Amino acid sequence: MRLSSESTRILRTMLAGATLKAHRTLDGEKTYTLHPLDGPDEAVERAVVETLKRHGLIASNMKFPAATYVLTEKGLWHAAAL
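Heads up: these notes are all about the structure in this document.

**So, the pattern of salt bridges**
Following the criterion strictly, the structure yields 3 salt bridges and no others. The partner of Glu6 in a salt bridge is Arg9, and the shortest N-O contact between them spans 2.8 Å. A residue pair is termed a helical-turn pair when its members lie 3 or 4 positions apart in one helix, as Glu6 and Arg9 do in helix 1 (residues 5-15) at 3 residues. Its relative accessible area of 28% is what places Glu6 among the partly exposed residues. The residue Glu50 makes a salt bridge to Lys53 at a minimum N-O spacing of 3.4 Å. Placement of the pair is Glu50 and Lys53 together in helix 2 (residues 46-54), with a separation of 3 residues, close to one helical turn. Look at Glu50 and you get partly exposed, because its relative accessible area is 29%.

Thresholds, definitions, all that
By convention here, each chain's residues receive numbers from 1 onward along its written sequence. In keeping with the predicted nature of the model, local features appear solely for residues at pLDDT of at least 70, side-chain atom pairs appear and are counted solely at 80 or more, and the whole-chain, interface and lining totals rest on all residues. Water and hydrogen atoms play no part in the side-chain values, which are based on all heavy atoms of the structure. When a carboxyl oxygen of Asp or Glu is within 4 Å of a side-chain nitrogen of Lys or Arg, the pair counts as a salt bridge. A helix here means a DSSP run of H or I that spans at least four residues, while a strand means a run of E at least two residues long, and both kinds are numbered starting from the N terminus. The buried label applies to any residue whose accessible area, calculated with a 1.4 Å probe on protein chains only, is under 20% of its type's maximum; exposed applies above 50%, and partly exposed to all values in between.

Structural measurements only, silent on function.
Rendered as structure tokens:
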């Protein structure tokens, strides 16, 4: 599997304890934000999140209005191997 440098960075940051969240507004707009343990929050492109989901590296808890993504076992293994 070939991941972009941004996807790889997100996996590494999540392995280090960051939280990736999908924030949904009342009108249905969805944005993705990475919340690291230290440093400012940062926006994440939808395409990066979709790629990580498609490869089975992250999974959502499906909460509203802010779903949290976690590394799957496959994602943990892949992030640790980076």
